Amino acid sequence: MDELIRQILDLLQMRVITLGEEPVKVIQIVWLISGLVAALAVAGFLRRWFRHLFGSFRMPQHLSNRLLALLFLIVLIFGIGLAFRFSGISTGFFGELFNYPLTDLFHPPQKPVDTEAVGEQSPVEAREDTGKLTLARLFYGFVIVFGMFILSKYVQWVLRRQVLQAFQIAEHTQFILLRFIHFGLIIVGVLISLSSIGMSFTSLAIIFGGLSIGIGFGLQNIASNVISGFILIFERPIKIGDLVEIMDVNIFGRIRSINLRSTIIVSLDEKEIIVPNSQLITESVHNLTHANNLYRLRIPVGVSYGSDVDLVKQVLLDAADEHLGVIKEPIPNISNVTAPFVRFMCFGDSSLDFELLAWIPDSFQRFDVASDLHFIIWHKFKEHNITIAFPQLDVHFDPPETE
């Protein structure tokens, strides 16, 4: 038995591979595997616990899934790092790579400078070493910004559900407030990230100077869309929930969100249309619900010349009165909203042209109401023997003259 234990101990102390300058033993690999298993177990436990927590908060499924995936990834990365540290395995090349100063790639190698105190480093060199940019610091900065982005999403969701809806604030006002909170948290995260990687304000000035040159040459459209996004948010020519129609590109739908670069419009068939903000500023946009949701339908119809025009007018008014979605009486505080009426438009080439004008309370239902009115008019015209005219052409053949 003692011999077996001795052989197992010798096996655990056996050197397997070499990473960097230190050999790796079997016992270290065993500890590494154990650490990885523990990290997976902790990540799985935290995933289940946070899933239950998000479910109790009634968080949307897509948002909770993203947060859980990011949480699992972060815990797993830190678990792998702790497993390597706990097992005592040196990452060797990887450690040197992550801690290598990236700024040294753009400078020639310098000779070491002797100082008066042997074995000690000057304060200037120490400050330079601590402020050098490495891949590890870039990774930490990215984690900070990404974590602040996730925090912003969660804060927006909590404020919308627990605060803004309780005060019955308008949807567009909620959108503006939440956008300010989102941009504020992102800016704070970026500043903390830049501070963690040792970025100075001088470097930021150089970066922004380069960005300004890039905007001048190749990012004009992006800059135009961003400025247009601020105009849409503050000037409010359109807002969340408005029904808009862009005539030049035949886009019709309801505004779902207004972002910095683009606006999302949901069409009638539930398709999301991403429109650049500059297009909403420079082109003609029909906002059908800017002041209210009312809409006036125009139903043109042409009848034959032998029809009774008074009967046609009464039939069209009866059709509008029969539909429940048509406003029957004028609205006192809106002078333009009237009861349905009929216009005799003109004497056409093949028909007498009339137009039924009727208001409906919801402009989003205009196509359905117009279709219903067409059906009602068709049946009433057949009932009263009114003929709907169609283009006609009379051709006369003159007989040839004979001698």
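Criteria and thresholds
Throughout, residues of each chain are indexed from 1 in the direction in which the sequence is written. The predicted origin of the model limits local features to residues at a pLDDT of at least 70 and limits the giving and counting of side-chain atom pairs to 80 or more, whereas totals for whole chains, interfaces and linings rest on all residues. Working from all heavy atoms in the structure, the side-chain values ignore hydrogens and water. Runs of E in the DSSP output that reach at least two residues are strands. Runs of H or I that reach at least four are helices, and both are numbered from the N terminus. Helix span is expected to be 1.5 Å times the residue number reduced by one. Burial here depends on accessible area, computed with a 1.4 Å probe over protein chains only, as a share of the maximum for the residue type. Under 20% is buried, over 50% is exposed, and the range in between is partly exposed. We call Phe, Tyr and Trp rings a pair once their centres come within 6.5 Å, taking the six-membered ring for Trp, and we label the pair stacked below 30 degrees between planes, edge-to-face above 60, and tilted otherwise. Only Lys NZ and Arg CZ are tested; either one counts as a charge over a ring when it is within 6 Å of the ring centre and within 35 degrees of the ring normal. Any N or O atom pair separated by 3.5 Å or less is treated as a polar contact, with the protein-specific requirement of one donor-capable and one acceptor-capable atom, and with residues adjacent in sequence counted only for side-chain atom pairs. We call two residues contacting when some pair of their heavy atoms lies within 4.5 Å.

A. Region of the structure containing helix α6 (residues 135-164). The end-to-end C-alpha distance of α6, which contains 30 residues, comes to 41 Å, matching closely the 44 Å that a straight helix rising 1.5 Å per residue would cover. Restricting attention to buried positions, one finds in α6 the residues A136, R137, G141, M148, I150, S152, Q156, W157 and L164.

B. Inspection of the packing of aromatic side chains at higher detail. Taken as a whole and judged by the stated rule, the model has six aromatic pairs. Between W49 and F50 the ring centres are 5.0 Å apart and the planes differ by 90°, which places this aromatic pair in the edge-to-face class. Owing to a relative accessible area of 45%, W49 belongs among the partly exposed residues under this scheme. Three or more aromatic residues joined by ring pairs make a cluster, and in this case those are F344, F347 and F354. Directly above the aromatic system of F364 lies the positively charged group of R254, at a separation of 4.6 Å from the ring centroid.

C. Region of the structure containing the side chain of N225. Summarising the element assignment, N225 is placed in helix α9 (residues 220-235). The class for N225 is buried, based on a relative accessible area of 7%. At a separation of 2.7 Å, a polar atom in the side chain of N225 contacts the side chain of S278. Not counting chain neighbours up to four residues away, the residues in contact with N225 comprise L260, R261, P276, N277 and S278.

None of the figures reported here should be taken as evidence of function without further support.
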